[in-house]
Amino acid sequence: MPEQSDHIQIPRHVAIVMDGNGRWARQRGRPRTYGHKVGSSKVHDIVEESKELGIEVLTLFAFSSENWKRPKSEVNFLMELMIQMLKKEIRKLEEKGVQVRFIGQRELLPEKLLKVIADSEARTRNNNALILQIAASYGGQWDITRAARVLAEKVARGELLPEQIDEKTLAAELAFSDLPDADLFIRTGGELRISNFLLWQAAYAEFYFTDVLWPDFSVDEYHNALRHFSGRQRRFGQTGEQVSG
């Protein structure tokens, strides 16, 4: 945990793109799947630290809409890895008061994984120490498109007028509309893009990009990201003078 003298400002919602598993493995002459397995072990540390720090929501980008294009053997491995991780960690998460949620196109996920997801969500539904959101088969464009379709259907049924559609009504149909938007967006692995993750919900997030590959992402590096967040002035369209008073 950061020292009190660091004066760390804790964000309500942290979102992380866990990138670099494959490259980490290749650097060691190992298959990409080995990198994914080692990278999955880092999730426990970051979830635990988030809970200790009092972060309300942690959203992890586990599998994107575009990741279905990867080799079938790797996709199958990732699906099975999620199953095994949930089975291994769910009791600890339940005991520690962590609520587990999944966001994404569930209809594309294998039935075996869907059963484990349903069990994990049911067992932790009433927990409130930390909300852990796992984005699986998720894409920001899909999220916004789905919300637009829901609103279009309401207009077609006469439940909503076109002129009643605004940012608020659209946001209400997005994934996790009951939770705060992302405050801090972290991407490991050196890439400087958001890769279709939380396009709407990260509109005013502070971004932290690091060259550290996900299997090497430590709690100390997490604290570096939080210090970066603390050093930012969040103006939300106002001037610096307005925010500082």
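All values reported here derive from a predicted model rather than from experimental measurement.

## A word on the overall build of the protein
Next up, step 1: When helices and strands are tallied, the protein shows 8 helices and 6 strands.
Next up, step 2: When the helices and strands of the protein are placed in sequence order, the string is β-α-α-β-α-β-α-β-α-α-β-β-α-α.
Next up, step 3: Its C-alpha atoms give the protein a radius of gyration of 19 Å, within 12% of the compact-globule value 18 Å for 245 residues.
Next up, step 4: Summarising its shape, the C-alpha atoms of the protein cover approximately 55 × 50 × 35 Å along the three principal directions.
Next up, step 5: Taken over 245 residues, the protein has a buried fraction of 47%.
Next up, step 6: For the protein, the exposed area adds up to about 12,700 Å²; of that, 48% sits on carbon and sulfur atoms.
Next up, step 7: Counting 34 positive and 35 negative side-chain charges, the protein places the averaged centre of each group 6 Å from the other.

## Details of the pattern of salt bridges
Next up, step 1: On inspection of all chains with the given rule, the structure shows 17 salt bridges.
Next up, step 2: Its salt-bridge partner being Arg12, residue Glu56 comes within 3.0 Å of it at the nearest N-O pair. Within this pair, whereas Glu56 is found in the loop between helix H2 (32-53) and strand E2 (57-64), its partner Arg12 is found in the segment before strand E1 (13-17), the two being separated by 44 residues in sequence.
Next up, step 3: On the basis of relative accessibility, which here comes to 36%, the residue Glu56 falls in the partly exposed class.

## Details of the packing of aromatic side chains
Next up, step 1: Tallied over the full model, the rule gives 11 aromatic pairs.
Next up, step 2: Considering the side-chain rings of Phe207 and Phe209, the 6.0 Å spacing of their centres and the 15° angle between planes classify their relative orientation as stacked.
Next up, step 3: By relative accessible area, Phe209 is classed as partly exposed at 31%.
Next up, step 4: Cluster of aromatic residues (ring-pair linked, three or more members): Phe61, Tyr138, Trp142, Phe185, Phe197, Phe207 and Phe209.
Next up, step 5: It is Arg146 that lies over the ring of Trp142; its NZ or CZ is 5.0 Å from the centre.

## A closer look at the packing of H2 against helix H7 (residues 219-230)
Between two packed helices, the angle of one axis relative to the other and the distance separating the axes together describe the packing.
Next up, step 1: Where H2 meets H7, the closest approach of the two axes is 10 Å, and the angle between their N-to-C directions is 50°. By the angle between their directions, the pair H2 and H7 is classed as oblique. When you trace H2 past H7, the crossing you get is right-handed. Here Asp45, Ile46, Glu49, Ser50 and Leu53 of H2 lie close against H7, whose contacting residues are Val219, Tyr222, His223 and Leu226.

## A short note on a nonpolar patch on the surface
Next up, step 1: On the surface, a nonpolar cluster with roughly 290 Å² of combined accessible area is contributed by Leu192, Phe207 and Phe209.
Next up, step 2: Positionally, Phe207 belongs in strand E6 (residues 206-209).

Conventions used here
Residues numbered from 1 in each chain as written. Predicted model: local features only at pLDDT ≥ 70, side-chain atom pairs only at ≥ 80, totals over all residues. Heavy atoms only, no water. Helix = DSSP H or I, 4+ residues; strand = E, 2+ residues; numbered from the N terminus. Rg over C-alpha atoms; globule rule 2.2 N^0.38 Å. Buried < 20%, exposed > 50% of the residue type's maximum accessible area, 1.4 Å probe, protein only. Areas by Shrake-Rupley, 256 points an atom, 1.4 Å probe, with all protein chains shown as cover. Lys, Arg positive; Asp, Glu negative; His and termini not counted. Charge placed at Lys NZ, Arg CZ, Asp CG, Glu CD. Salt bridge = Lys/Arg side-chain N within 4 Å of Asp/Glu carboxyl O. Phe/Tyr/Trp six-rings, centres within 6.5 Å; stacked < 30°, edge-to-face > 60°. Lys NZ or Arg CZ within 6 Å of the ring centre and 35° of its normal. Axes fitted to C-alpha atoms, helices over the stretch in contact; angles between N-to-C directions. Parallel < 35°, antiparallel > 145°, perpendicular 65-115°, else oblique. Left-handed = near helix turned anticlockwise from the far one by under 90°. Contact = heavy atoms within 4.5 Å. Patch = residues over 30% accessible without salt bridge, like charges linked within 9 Å, V, L, I, M, F, W, Y side chains within 5 Å.

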